[in-house]
Amino acid sequence: MPGLQLRRPVAEDGPAITALIARCPPLDRNSAYCNLIQCAHFADQCIVAEKDGRIVGWVSGHRPPSDPHAFFVWQVAVAVEGRGKGLASRMIGALFARPAQQDATHLTTTVTDDNDASWALFRGLARAWDAPFERSVLFDNKTHFAGAHATEYQARIGPIDRSKFQQAQG
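Keep in mind that what you see is a predicted model, and the values were worked out from it rather than measured.

Engineer: Give a detailed account of the pattern of salt bridges, specifying residues and quantitative values.
Structural biologist: Scanning the model with the defined rule gives nine salt bridges in all. As a salt-bridge pair, Asp 113 and Arg 135 come within 2.4 Å of each other at their nearest N and O atoms. Pair noted here: Asp 113 is in the loop between strand 5 (106–112) and helix 4 (116–128) and Arg 135 is in strand 6 (residues 133–139), with a separation of 22 residues, a long-range link. Its relative accessible area of 47% is what places Asp 113 among the partly exposed residues. Classification of Arg 135 by relative accessible area gives partly exposed; the value is 34%. A salt bridge links Asp 130 to Lys 164, with the nearest nitrogen and oxygen atoms 2.9 Å apart. Taken together, the residues span a long stretch of sequence, with Asp 130 in the loop between helix 4 and strand 6 and Lys 164 in helix 5 (residues 162–169) at a distance of 34 residues.

Engineer: Break down the pairing of strand 5 for me, with residues and values.
Structural biologist: Strand 5 sits mainly inside the fold: seven of its seven residues count as buried. The alternating pattern of strand 5 places His 106, Thr 108, Thr 110 and Thr 112 and Leu 107, Thr 109 and Val 111 on opposite faces, both of which are buried. Note: strand 4 (residues 70–78) against strand 5, four bridges, orientation parallel. Within strand 5, the residue paired with Ala 70 across the bridge is His 106. The handedness of the strand 4 to strand 5 crossover, carried by helix 3 (residues 87–97), is right-handed. Relative to strand 7 (residues 152–157), strand 5 runs antiparallel, the two sharing six bridges. When the sheet's bridge partners are listed, Thr 108 is paired in strand 7 with Arg 156.

Engineer: Go over the sheet that holds strand 4 with me, naming the residues and quoting the values.
Structural biologist: Read from one edge to the other, the open sheet built from seven strands follows the order 1-2-3-4-5-7-6, with strand pairing classed as mixed. Looking at the sheet topology across the chains shown, the edges are occupied by strand 1 (4–7) and strand 6. Direction aside, neighbouring strands of the sheet carry axes that sit 25° apart on average. Here strand 6 runs beside strand 7; their pairing, made up of six bridges, is antiparallel. Paired with Phe 133 across the bridge in strand 7 is Ile 157. Across the sheet, helix 1 (residues 14–22) is in contact with strand 2 (47–51), strand 3 (54–62) and strand 4; its angle to strand 3 comes to roughly 90°.

Engineer: Go over the packing of aromatic side chains, please, and point to the residues and values.
Structural biologist: In this structure the tally under the stated criterion is five aromatic pairs. With a centroid separation of 6.3 Å and an interplanar angle of 75°, the aromatic rings of Trp 119 and Phe 133 are classed as edge-to-face. Of the two residues, Trp 119 is situated in helix 4 and Phe 133 in strand 6; the sequence distance between them amounts to 14 residues. In this structure Trp 119 comes out as buried when scored by relative accessible area, which is 3%. Put simply, the rings of Phe 96, Trp 129 and Phe 165 touch in pairs and so form one group of aromatic residues. The lysine or arginine in question, Arg 135, covers the ring of Tyr 153, its NZ or CZ lying 4.2 Å from the ring centre.

Engineer: How would you sum up the side chain of Thr 109? Please name residues and give values.
Structural biologist: Secondary-structure assignment places Thr 109 in strand 5. Given the relative accessible area of 3%, Thr 109 is considered buried. Looking at Thr 109, its side chain comes within polar contact range of the main-chain oxygen of Val 73, at 2.7 Å. Apart from residues lying up to four places away in sequence, Thr 109 is in contact with Phe 72, Val 73, Phe 122, Tyr 153, Gln 154 and Ala 155.

Each value, and the rule that gives it
- Residues numbered from 1 in each chain as written.
- Predicted model: local features only at pLDDT ≥ 70, side-chain atom pairs only at ≥ 80, totals over all residues.
- Heavy atoms only, no water.
- Salt bridge = Lys/Arg side-chain N within 4 Å of Asp/Glu carboxyl O.
- Helix = DSSP H or I, 4+ residues; strand = E, 2+ residues; numbered from the N terminus.
- Buried < 20%, exposed > 50% of the residue type's maximum accessible area, 1.4 Å probe, protein only.
- Pairing = 2+ DSSP bridges.
- Right-handed = clockwise from strand over helix to strand, strands pointing away.
- Axes fitted to C-alpha atoms, helices over the stretch in contact; angles between N-to-C directions.
- Contact = heavy atoms within 4.5 Å.
- Phe/Tyr/Trp six-rings, centres within 6.5 Å; stacked < 30°, edge-to-face > 60°.
- Lys NZ or Arg CZ within 6 Å of the ring centre and 35° of its normal.
- Polar contact = N/O pair within 3.5 Å; in protein donor to acceptor, adjacent residues only side chain to side chain.

This is how it looks when you write it as structure tokens:
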């Protein structure tokens, strides 16, 4: 996408990120406040894709204290005009390449069983990075969501060889 800029978010991006997520079902909508906190407190673990002054992509993540060598991708949102162009992969790769993630050996996320696009994205990253891919139940529909949300499966990529990752990034 010509004219596309990948950058750290700032708090002023919060409303545009909230609106983008709302336009990307089946994503869970976080509160506007949650999105602001991610932009303000976790900017090194989040990224926006901006084109012509408009946010067309968002990836949020964090480094889980319980798994310090992992980078957890919380949410990926891409506007309709950015889909099918590898934007999500590009944003995740750019995030994983940041100094804040340089000691991460694994990338993790959660995905519901029916989210084919996300499964394809994360399996594709594992292939591109020549890294193992594992899938397991993390949050069960009945046990963790009292039946109100589909089971969330953990996708775990790694260990990731940084030299292979850098080659894939070009």
